[in-house]
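Here are the chains, one letter per residue:
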Amino acid sequence: MASKRCLPTRFFEDPDVMSLSSKDAQLILIGLVLMADDEGRELAHASLISRKLDYTPDLVEQVLSELEANELIILYQVGRHRYYSLTRWKHWQSLSLAKITPSKHPAPPSEKGEKTVSLSSSDESEHSQGDGGISQGNSGKSGESPSQYNLSQYNLSQRKLSEEQDHKAQPLPPANVIPFPPSTDGDANEEQKGKDLEALTAQVATILQLPANAALSRLVYEFAHEPHLSLTGEADAAREWIDDRQRNRKGKRMSPAFFREWLKRECASIHKRRSSLSEHEATGTENRTPTSPPTSKSLAGKSLMHMEQQYQQFQAQRGPRKGG
């Protein structure tokens, strides 16, 4: 792997880089460039990146979502691990083919929807030349394993083929027996839930004035099942806060990462209020109202016995009245 990385001289003048919410986000992006292999890929584990760059895992996770929203990286899951791929890697780096070490990490899903299982040597050669001489797969040699994305498509087709063979191997019912059709209620419910989440994502994106991209879809899916939380209502409040110059004095911009922090803060506030209410219900302090009967101490009042004693002393000093 090459020991040096390149950045353009106008890196900080790039509109997508300038729109990041903080300087820490820009520095983490530079760190991702330095950590990436010769094909611009690396593990996207927040805990691992936080140890290397000396940032908290929460901040790293927030910045990863923000970078994906700004189309500076691609986040994708393969198996148990998540990876990132820098979208502008070939524009920033100038590595010769002889010095490139093939990536050990799987390639991101193809943007063109390519579903071929493997490429022949001639196809791989044309693919490499069309991309400026840098292969997008795990290797550019024939006979090697295909990319992880294509491998997953291959495994899926193999699994479907195995299920079809198992179905054919089962004995057919007798001619006088009508098989009961399987229930499709579960699939219909899942499909309806997916449509509802897509519609909710579109509503939130319209309110926030953001594109309904993958980052916003994951955010909506994460918080849609949170009780006592209205995503559309919180989107209205967050948009109003961003547009209010008196409250938004630092000029923060709306992004999926900003809205995620907004929702996390609101969820914490809701849980705190509910915990406080539960404590009051457990101790019974909620039953004390201003209309409750007064206590015995409030009914006692002040004693007037000392006034009688003072009056008797006054009469004794005064003496008997004249003519009495």
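Structural data are supplied above this passage.
Residues numbered from 1 in each chain as written. Predicted model: local features only at pLDDT ≥ 70, side-chain atom pairs only at ≥ 80, totals over all residues. Heavy atoms only, no water.

Looking at the packing of aromatic side chains
The condition that has to hold: Two aromatic rings from Phe, Tyr or Trp, using only the six-membered ring of Trp, form a pair when their centres are within 6.5 Å; if the ring planes differ by under 30 degrees the pair is stacked, by over 60 it is edge-to-face, and anything between is tilted. Three exposure classes are used, based on accessible area relative to the maximum for each residue type with a 1.4 Å probe and protein chains only: buried under 20%, partly exposed in between, and exposed over 50%.
Tallied over the full model, the rule gives six aromatic pairs. Each ring, one from phenylalanine 11 and one from phenylalanine 12, has its centre 5.1 Å from the other, and the planes form 85°; the classification is edge-to-face. Judged by relative accessible area, which is 46%, phenylalanine 12 ranks as partly exposed. Ring geometry for tyrosine 76 versus tyrosine 83: centroids 5.8 Å apart, planes at 25°, classification stacked. Summarising the burial analysis for this pair, tyrosine 76 and tyrosine 83 share the class buried. A connected cluster of aromatic rings, assembled from ring pairs, spans Phe11, Phe12 and Trp92.

Thoughts on the nonpolar core
Threshold: What is meant by a nonpolar core is a set of buried Ala, Val, Leu, Ile, Met, Phe, Trp, Tyr and Cys residues, joined one to another through side-chain atoms within 4.5 Å. Put simply, DSSP marks the helices as runs of H or I at least four residues long and the strands as runs of E at least two long, and each gets a number from the N terminus on. The criterion used for residue contact is that any of the two residues' heavy atoms lie within 4.5 Å.
Formed by 25 residues in total, the largest nonpolar core has its most connected members in Leu29, Leu32, Leu64, Leu67, Ile73, Tyr84 and Leu86. Of all the secondary structure elements, the ones that give two or more residues to this core are α2 (23-35), α3 (46-53), α4 (57-69), β2 (73-78), β3 (81-86) and α5 (89-92). Beyond its immediate chain neighbours, meaning those up to four positions away, leucine 32 contacts Ile49, Leu64, Leu67, Ile73, Tyr84 and Leu86. Membership of the second largest hydrophobic core comes to 21 residues, among which are Ala205, Leu219, Phe223 and Trp262.

Quick word on the pairing of β2
The condition that has to hold: Two strands make a pair as long as DSSP finds a minimum of two bridges between them.
Note that β2 and β3 share six bridges and pair antiparallel. Bridging from a neighbouring strand, leucine 75 pairs with tyrosine 84 of β3.

Some details on the pattern of salt bridges
As a working rule, side chains carrying opposite charge can pair if their charged atoms are close by. For the record, the criterion: What makes a salt bridge here is a side-chain nitrogen of Lys or Arg within 4 Å of a carboxyl oxygen of Asp or Glu, nothing more.
If you walk through the whole model with that rule in mind, you get 11 salt bridges. Note that arginine 247 and aspartate 244 form a salt bridge whose closest N and O atoms lie 3.1 Å from each other. By relative accessible area, arginine 247 is classed as partly exposed at 41%. Bridged by salt links that share partners, the residues Asp14, Asp16 and Arg88 form one connected network.

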